[in-house]
Amino acid sequence: MRKEFLKKAEETLLEMKNQLLREIQERVREETEGSKDEGRDTYDLASHERDREINFLLNARERDKLTAIEEALQRIKDKTYGMCEGGGENCEGEIRLGRLKVLPFTRLCVKCQEDMERESKIQKKFEEERGYRKLAITDIEEEF
Ligand SMILES: [Zn+2]
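A quick note: this is a predicted structure, and the numbers were derived from the prediction, not measured. (Residues numbered from 1 in each chain as written. Predicted model: local features only at pLDDT ≥ 70, side-chain atom pairs only at ≥ 80, totals over all residues.)

Peer 1: Is there a simple way to think about the environment of Gly 93 in this case?
Peer 2: One can find Gly 93 in the loop between α2 (40-78) and α3 (97-102). It is 7.3 Å that separates the C-alpha atoms of Gly 93 and Cys 109, two residues lying 16 residues apart in sequence. (Helix = DSSP H or I, 4+ residues; strand = E, 2+ residues; numbered from the N terminus.)

If you want it as structure tokens, here you go:
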């Protein structure tokens, strides 16, 4: 894989990571400020509960994406970035550049992604909940 593409991918991934962290900080800040009008005793208790709630939201919505981004950055360092990890019978081996541009943290080529989606309805549902599914469909349509 070309060095300049890897460099660009790394920049994109770092930018995605920064943006994700900014969104998280922003949401936490809003949640915290929204509780200022409450009485102090209630506030202390409520903020404890709210922190747990925020943590839960972060875990559910952003943790997977953050992990995926960080693992992709690691693969760039390890020089394994862009290699499909699916290994299915139709596997293309290397993930196409067009796909990596849209989904820079993906681990699967289009064929393996399709196989996985056909075979695993549970996984599909999981991805829908994570908001990944929409991205994947857009990507596949562009490949055709
Ligand atoms: Zn593959």
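Moving on from the coordinates now.
Peer 1: Explain helix α4 (residues 110-119) here, please?
Peer 2: Residues lying three or four places apart along an α-helix face the same way, a consequence of the helix completing one turn every 3.6 residues. Those residues of α4 that fall on the buried side of the exposure criterion are Val 110, Cys 112 and Gln 113. Looking straight down α4, one finds that the buried residues subtend no more than 165 degrees of arc, so they occupy a single side. Of the exposed residues in α4, the ones pointing more than 90 degrees away from its buried face are Arg 118 and Glu 119. (Buried ≥ 20, exposed ≤ 12 C-beta atoms within 10 Å, placed from the backbone. Arc of directions from axis to C-beta.)

Peer 1: Looking at this structure, I do not really get the confidence of the model for the chain. What am I missing?
Peer 2: Residues at a pLDDT of 70 or more form 63% of the chain, whose mean pLDDT is 78. The lowest-confidence element of the chain is helix α6 (residues 132-143), averaging 52 in pLDDT; the highest-confidence one is α3, averaging 93. (pLDDT = per-residue confidence, 0-100.)

Peer 1: Quick question: what am I supposed to make of unusual backbone geometry here?
Peer 2: The phi angle of most residues is negative, glycine excepted, and most peptide bonds adopt the trans form. Positive phi outside glycine occurs at Lys 79, with the angle close to 65 degrees. Summarising the element assignment, Lys 79 is placed in the loop between α2 and α3. In this structure Lys 79 comes out as exposed when scored by C-beta crowding, with 10 C-beta atoms within 10 Å.

Peer 1: What am I meant to see in the environment of Leu 108 here?
Peer 2: Checked against the element boundaries, Leu 108 lands in the loop between α3 and α4. Separated by 20 residues in sequence, Leu 108 and Gly 88 have C-alpha atoms that sit 9.8 Å apart.

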